[in-house]
Amino acid sequence: AGSASVVNLASRADRRRWVEASCATALRELGVEVRLVDACSPEDVRISGEGGGGGDGSSAWRPFAGWALGAAQLERLCDAWEAMGMPRPADAELRTYHGRAVSAREVACAASHRRAWEGGLATGHDYVLFLEDDASVAGASGEVPSAADNRRGWARAWGTLQRQASLLAARGVAWDLLYLGRHRLACDSAAEGEALVVPGFSSCAHAYALSRRGMRRLLELPLQSAAMPVDELLPALYAPHPRADVAAWAREALRGTDPFAAFAARDDLVHQLESLSDDGKGNWPGLPSWAQLARSDIRPDLPPPTQPPPDRHRRRAPEPSSLPAAFAPNWPAADAAAGLRAA
């Protein structure tokens, strides 16, 4: 009933070989159809106001207008984060990601995910697991998984998705988005006795599943005229966004329909190599670099790559004990969770 798509730049042969030797091989051994989706580079996407590009065969992409916030707006954004029960981010961190325009790499990333959604919907499967090419079942300690642990990790991740999708379908619960890995920034709502929770505002898009309905709804959004980081887009569709302009865009883009029905694995099953690292480049004790990953027994030797710094922040918030009433989610998934708890 499901399949998997992995987004990868063709120019990053090192990451493609990592994907093939880790998640693609393990998932195919489980009988899962795995497709590699050629990601867009900034040169492939024609961005409004820029010449060249357009390799994706589409019209120009326009970055989200007004993404770069001024000092007063950044201060209000900090206040909004705190009001929503999330840790107050450092001023420098907010300026790095919200005090500048959406970058060409972020626009290309959005175009890449959209390409993957189109391909996923075309498969006809009930749901598709979307992975970025640095997804791993390496634990939070950053240790390189053995071949056996790698297979077990992906079997657990896929099995959880498969079982929970079947359970939701059996109970008549329509869903759009299901995270297998993320960064929790606001508190979740528990669905007791289940492997799922209703996520609060969360970051990262390295491992998430979409139902057919979810793929259709994403493809109907006017993302091409307001391109933003996918990390910001997904949570804006199911939870209050601390940026008022993004929240307003999401409400308008949903055209009066319900917010996305989102779920998440209670425990992260898939991690992101960059976000596990100390420096955002895949370097941390036990798994120091992409080059050293080559010495793992789950993939062949790879040439040392040049790893660019990530465009998005990778902060994990402590779990708040409760969400202020003013920001309590009133989403379809929250109602579904109540039904799961009562069942």
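Residues numbered from 1 in each chain as written. Predicted model: local features only at pLDDT ≥ 70, side-chain atom pairs only at ≥ 80, totals over all residues. Heavy atoms only, no water.

Section: the packing of aromatic side chains
Okay, step 1: Counted according to the given criterion, the structure contains six aromatic pairs.
Okay, step 2: For the pair Trp81 and Phe201, a centre-to-centre distance of 6.3 Å together with 65° between the ring planes defines the contact as edge-to-face. Of this pair, Trp81 sits in helix α2 (residues 71-83) while Phe201 sits in the loop between β8 (196-198) and β9 (202-203), placing them 120 residues apart in sequence. The exposure classification of Trp81 matches that of Phe201, with both residues buried.
Okay, step 3: Pairing Tyr127 with Trp158 gives two aromatic rings, centres 6.1 Å apart and planes at 40°, and the pair type is tilted. Remark: Trp158 occurs in helix α5 (residues 147-170) and Tyr127 occurs in strand β3 (residues 127-132); sequence separation between them is 31 residues.
Okay, step 4: Here the guanidinium or amino end of Arg243 rests over the ring plane of Trp67, the centre of that ring lying 4.2 Å away. (Phe/Tyr/Trp six-rings, centres within 6.5 Å; stacked < 30°, edge-to-face > 60°. Helix = DSSP H or I, 4+ residues; strand = E, 2+ residues; numbered from the N terminus. Buried < 20%, exposed > 50% of the residue type's maximum accessible area, 1.4 Å probe, protein only. Lys NZ or Arg CZ within 6 Å of the ring centre and 35° of its normal.)

Looking at the nonpolar core
One recurring pattern in soluble globular proteins: nonpolar side chains tend to sit buried together.
Okay, step 1: Within the largest apolar cluster, 47 residues are counted, with the highest numbers of intra-cluster contacts made by Trp117, Tyr208, Leu218, Leu233 and Trp249.
Okay, step 2: Every element with two or more residues in this core is listed here: α4 (104-122), β3, β5 (177-179), β10 (207-211), α6 (212-220), α7 (230-236), α8 (244-253) and β11 (262-265).
Okay, step 3: For this core, the leading source of residues is α4, giving six residues.
Okay, step 4: Once residues within four sequence positions are removed from consideration, Tyr208 is found in contact with His113, Trp117, Val128, Leu129, Phe130, Leu177, Leu178, Tyr179, Leu180 and Leu234.
Okay, step 5: In terms of nonpolar packing, the next biggest core, distinct from the first, is built from 34 residues, Leu180, Val198, Phe263 and Ala265 among them. (Core = buried A, V, L, I, M, F, W, Y, C linked by side-chain atoms within 4.5 Å. Contact = heavy atoms within 4.5 Å.)

Details of the pairing of strand β2 (residues 34-38)
Okay, step 1: Sheet topology places strand β1 (residues 2-8) next to β2; five bridges connect them, and they run parallel. Of the residues in β2, the one forming a bridge with Asn8 is Asp38.
Okay, step 2: On the question of chirality, the crossover connecting β1 to the parallel β2 by way of helix α1 (residues 13-29) is right-handed. (Pairing = 2+ DSSP bridges. Right-handed = clockwise from strand over helix to strand, strands pointing away.)

Here's the deal with unusual backbone geometry
Okay, step 1: With phi around 90°, Cys204 is a residue other than glycine that occupies positive phi space.
Okay, step 2: Following the sequence through the fold, Cys204 ends up in the loop between β9 and β10.
Okay, step 3: Residue classification places Cys204 among the buried positions, given a relative accessible area of 1%.
Okay, step 4: Of note in the backbone geometry, Arg255 takes a positive phi value of approximately 55° without being a glycine.
Okay, step 5: If you trace the backbone, Arg255 turns up in the loop between α8 and β11.
Okay, step 6: Here Arg255 falls in the exposed class, since its relative accessible area comes to 63%.

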